[in-house]
Amino acid sequence: MKVLTWNLWWRFGPWQHRAAAILAVLRQADADLIGLQEVWARDDENQAGLIAAELGMHWAFAPLRKPEPWQRRGGDPSVAVGNAILSRWPIEESAVLDLPGAEGRNALHAFTGGVPFFTTHLEAPLDASATRCAQVRALAQFVAQRPHSHPPVVTGDFNAVPDSDELRLFSGVRTAPAVPGLVLIDAWEYADGPGATWDATNPYVATTYTPSARVDYIHVGPPGPHGLGRVTGVRRTGDGPVDGVWPSDHAAVLAVIGN
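Throughout what follows, the structure given in this document is the object of discussion. Going along each chain's sequence as written, the residues are numbered from 1 onward. Totals for whole chains, interfaces and linings use every residue, but because this is a predicted model, local features are given only for residues with pLDDT of at least 70 and side-chain atom pairs only at 80 or more, for both listing and counting. With hydrogens and water excluded, all non-hydrogen atoms of the structure serve as input to the side-chain values.

Another point: helix α2 (residues 47-55). Note on classification: 1.4 Å probe, protein chains only; a residue is buried when its accessible area is under 20% of the maximum for its type, exposed when over 50%, partly exposed between these limits. To qualify as a helix, a DSSP run of H or I must reach at least 4 residues; to qualify as a strand, a run of E must reach at least 2; elements of each kind are numbered from the N terminus. Turning to α2, its buried residues number three or more, namely Q47, A48, G49, I51, A52 and L55. We call two N or O atoms a polar contact when they sit within 3.5 Å, provided that within protein one can donate a hydrogen and the other can accept it, with sequence-adjacent residues counted only if both atoms are side-chain atoms. Its side-chain oxygen 2.8 Å from the backbone nitrogen of A48, N46 forms the N-cap of α2. A positive phi of about 70° marks G56, the residue just after α2.

Here's what the structure looks like:
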């Protein structure tokens with residue numbers, strides 16, 4: 001099973017041209033489960049739905065409660081922003097968790113293909129670590145309340161680096177876990193190299209003058225019997241231009257998980 005997470009950068013930059021590049025990357029990745037952040041929606045048109053139709057996938061979407069910061073930057077108050085899940089299999093159940101914090105963030109869950117799958121996008125400010133810690137505590141509870149035989153898979157843009165308090169707390173490997181007994185392994189632990197997903201080689205990132213960092217994650221519970229849910233490979237994708245167009249300001253993370 002292939003799992004992908006990607007922040008699509010809403011409708012910023014040349015978003016109409018980026019749409020084709022995004023779709024090309026997702027076609028090539030051929031993932032079974034996809035967690036998307038900064039997905040746009042307007043009236044009866046939804047970016048996740050458009051992509052799902054092209055890829056023959058099922059989908060769910062959860063709009064943020066407070067889209068105004070995106071709308072002000074994009075100059076269009078009619079466009080929503082949120083998180084989405086795409087799945088090769090029918091979505092048997094879904095749920096949304098409103099996260100604490102000033103930005104109205106959320107987490108989206110789907111049980112699909114026998115997998116408890118989650119995606120989220122945490123608070124953005126560089127100094128918001130305390131808020132993100134509160135958010136990962138809530139997220140961990142959300143995950144723990146939905147146990148299944150397959151280890152949970154949690155994806156998203158955490159807006160924090162791997163050794164931050166919030167990532168250590170959420171994983172529960174290097175400190176006490178947010179929920180006793182719940183451990184979530186960073187899939188990149190199985191990879192070589194730093195794997196920056198916010199990469200200054202991307203021209204959209206270069207204009208922010210911020211350092212490269214890994215802020216996008218796939219977390220998986222410890223493997224079950226016979227290696228169920230084990231990570232067998234992980235890499236970046238969407239980390240270069242497609243026909244001259246960079247698809248997003250973030251690179252995607254693609255993991256192969258045994259099922």
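Strand pairing in a sheet relies on backbone hydrogen bonds. The paired strands run either parallel or antiparallel. Strand pairing follows a simple DSSP-based rule, namely that at least 2 bridges must link the two strands. Taken together, the 6 strands give an open sheet; going across it, the order is β6-β7-β8-β9-β11-β10, and neighbouring strands pair in mixed fashion. Each edge of the sheet is formed by a strand with only one pairing partner; in this case those strands are β6 (91-98) and β10 (185-186). Relative to strand β11 (residues 216-220), strand β9 (residues 153-157) is paired through 5 bridges, and the arrangement is antiparallel. What sits directly across from T155, in β11, is I218. Two residues qualify as a contact provided that any one of their heavy atoms is within 4.5 Å of a heavy atom in the partner residue. Only the contacting stretch of a helix is used when fitting its axis, a line to C-alpha atoms as for every element, and angles between N-to-C directions run 0 to 180 degrees. Against the sheet, helix α4 (residues 129-144) makes contact with β6, β7 (106-112), β8 (115-121) and β9, and its axis sits at roughly 155° relative to β6, the strand it touches most.

Below, the discussion takes up the pattern of salt bridges. Charged atoms that come close allow side chains of opposite charge to pair. Put simply, a salt bridge is a Lys or Arg side-chain nitrogen that is within 4 Å of an Asp or Glu carboxyl oxygen. A complete count under the given rule lists 12 salt bridges for this structure. Here D32 ties to R88 by a salt bridge, and the two come within 3.4 Å at their closest N and O atoms. Of this pair, D32 sits in the loop between α1 (15-29) and β2 (33-42) while R88 sits in the loop between β5 (80-87) and β6, placing them 56 residues apart in sequence. By relative accessible area, R88 is classed as partly exposed at 28%.

Attention now moves to the environment of T237. In this structure, T237 sits in strand β12 (residues 231-237). Here T237 falls in the buried class, since its relative accessible area comes to 8%. Put simply, T237 and V253 are 16 residues apart on the chain and 6.1 Å apart in space, counted from C-alpha to C-alpha.

Glancing now at the side chain of N46. When you line up the elements, N46 lands in strand β3 (residues 45-46). At a separation of 2.8 Å, a polar atom in the side chain of N46 contacts the main-chain amide nitrogen of A48. Apart from the residues lying within four places of it in its own chain, the contact partners of N46 are V39, W40, A41, W59 and F61.

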